[in-house]
Amino acid sequence: NAGVTQTPKFRILKIGQSMTLQCTQDMNHNYMYWYRQDPGMGLKLIYYSVGAGITDKGEVPNGYNVSRSTTEDFPLRLELAAPSQTSVYFCASSYSAGGRDIQYFGAGTRLSVL
Amino acid sequence: KQEVTQIPAALSVPEGENLVLNCSFTDSAIYNLQWFRQDPGKGLTSLLLIQSSQREQTSGRLNASLDKSSGRSTLYIAASQPGDSATYLCAARGGRGSTLGRLYFGRGTQLTVWP
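Residues numbered from 1 in each chain as written. Chains lettered and ligands numbered in written order. Predicted model: local features only at pLDDT ≥ 70, side-chain atom pairs only at ≥ 80, totals over all residues. Heavy atoms only, no water.

Q: Honestly, the sheet that holds strand S8 (residues 76–78) of chain A in this entry has me stumped. Any pointers?
A: The strands making up a sheet associate through backbone hydrogen bonding, with each pair oriented either parallel or antiparallel. All names here are of chain A. The sheet built from 4 strands is open, its strands ordered S1-S3-S8-S7 with antiparallel pairing. With one partner strand each, in any of the chains shown, strand S1 (4–7) and strand S7 (64–66) form the two edges of the open sheet. Neighbour-to-neighbour, the strand axes of this sheet turn through a mean angle of 20 degrees, independent of strand direction. With 3 bridges joining them, strand S3 (residues 19–25) and S8 adopt antiparallel strand pairing. Note that in S8 the partner of Leu21 across the bridge is Leu76. (Pairing = 2+ DSSP bridges. Helix = DSSP H or I, 4+ residues; strand = E, 2+ residues; numbered from the N terminus. Axes fitted to C-alpha atoms, helices over the stretch in contact; angles between N-to-C directions.)

Q: I'm lost on the interface of chain B and chain A in this one. Help?
A: A common measure of how large an interface is: the accessible area buried when the components associate. Across the contact, 22 residues belong to chain B and 23 residues belong to chain A. Seen at the junction of chain B and chain A, the total is 1 salt bridge. Here Lys1 of chain B makes a salt bridge to Glu59 of chain A, at a shortest N to O gap of 3.5 Å. Looking at the side of chain B that touches chain A, the elements that each hand over two or more residues are strand S4 (30–38), strand S5 (44–51), strand S9 (86–94) and strand S10 (103–105) of chain B. Here the side of chain B that touches chain A is built from residues that sort into 8 nonpolar, 9 polar and 5 charged. (Contact = heavy atoms within 4.5 Å. Salt bridge = Lys/Arg side-chain N within 4 Å of Asp/Glu carboxyl O. Nonpolar A, V, L, I, M, F, W, Y, C, P; charged D, E, K, R; others polar.)

Q: When you look at the environment of Tyr33 of chain A in this model, what are you seeing that I'm missing?
A: Residues and elements named next belong to chain A. Tracing the backbone through its elements, the reader meets Tyr33 in strand S4 (residues 31–37). Given a relative accessible area of 4%, Tyr33 falls into the buried group. C-alpha separation for the pair Tyr33 and Ser93, spaced 60 residues apart in sequence, amounts to 6.1 Å. Within polar-contact distance, the side chain of Tyr33 engages the side chain of Ser94 at 2.9 Å. (Buried < 20%, exposed > 50% of the residue type's maximum accessible area, 1.4 Å probe, protein only. Polar contact = N/O pair within 3.5 Å; in protein donor to acceptor, adjacent residues only side chain to side chain.)

Q: I tried to follow the state of the cysteines on my own but got confused; where do I start?
A: Taken as a whole and judged by the stated rule, the model has 2 disulfides over all chains. Two residues, Cys23 of chain A and Cys91 of chain A, share a disulfide whose sulfurs are 1.9 Å apart. The S-S bond linking Cys23 of chain A to Cys91 of chain A shows a torsion near -70 degrees; that makes this disulfide left-handed. Of this pair, Cys23 of chain A sits in strand S3 while Cys91 of chain A sits in strand S9 (residues 87–94), placing them 68 residues apart in sequence. Take Cys23 of chain A: its relative accessible area is 2%, and that puts it in the buried class. Overall, Cys91 of chain A belongs to the buried group, its relative accessible area being 0%. Paired by a disulfide, Cys23 of chain B and Cys90 of chain B hold their sulfur atoms 2.0 Å apart. (Disulfide = S-S within 2.5 Å.)

In structure tokens form, the structure reads like this:
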């Protein structure tokens, strides 16, 4: 049972480059989320999706884009990478957003923008 | 906007001690309060989830309490072990308006249990 899988695990980008962080889940969850975690800080929500074809902004969406063409996949796109986007990125999924629902997290992607 | 604070930021204790980790939140209109464990280089693992209508939840040596009216939750770890060493994060799930359904995380308590 793979759960939530993120690729790559590590990446170094130059300023202005673009990349896509991949996230896939095999639990048939409707809800998927992208968070970033800066050193010594809590996680902040970037974007989330309530189902295929539906996405919405979180707290810190600037500089990122998402799409959700299937239930399983929720890629996060960085356009024109900036040093401020150096962070650890976590993808999560849950069956719903209800009060009893637990989010399951991937292992993270560590991104450095130099 | 929901703000979540965790105290202390770091804790180092000998094996066998009973521990208390604190979490406070500014908006009491929450759906639930969750405690997560994060190991270095790993993702988050959910430990306990307390519904807004509940006072506490227990799992093995872990017990989490919730006082929604005062905006506080506490995670108790009994008889700590070196394997408990990790960062513990609490997250409040928003219960109204623009916070509805979203998780708001604290910065975490980094716990070290030495033999």
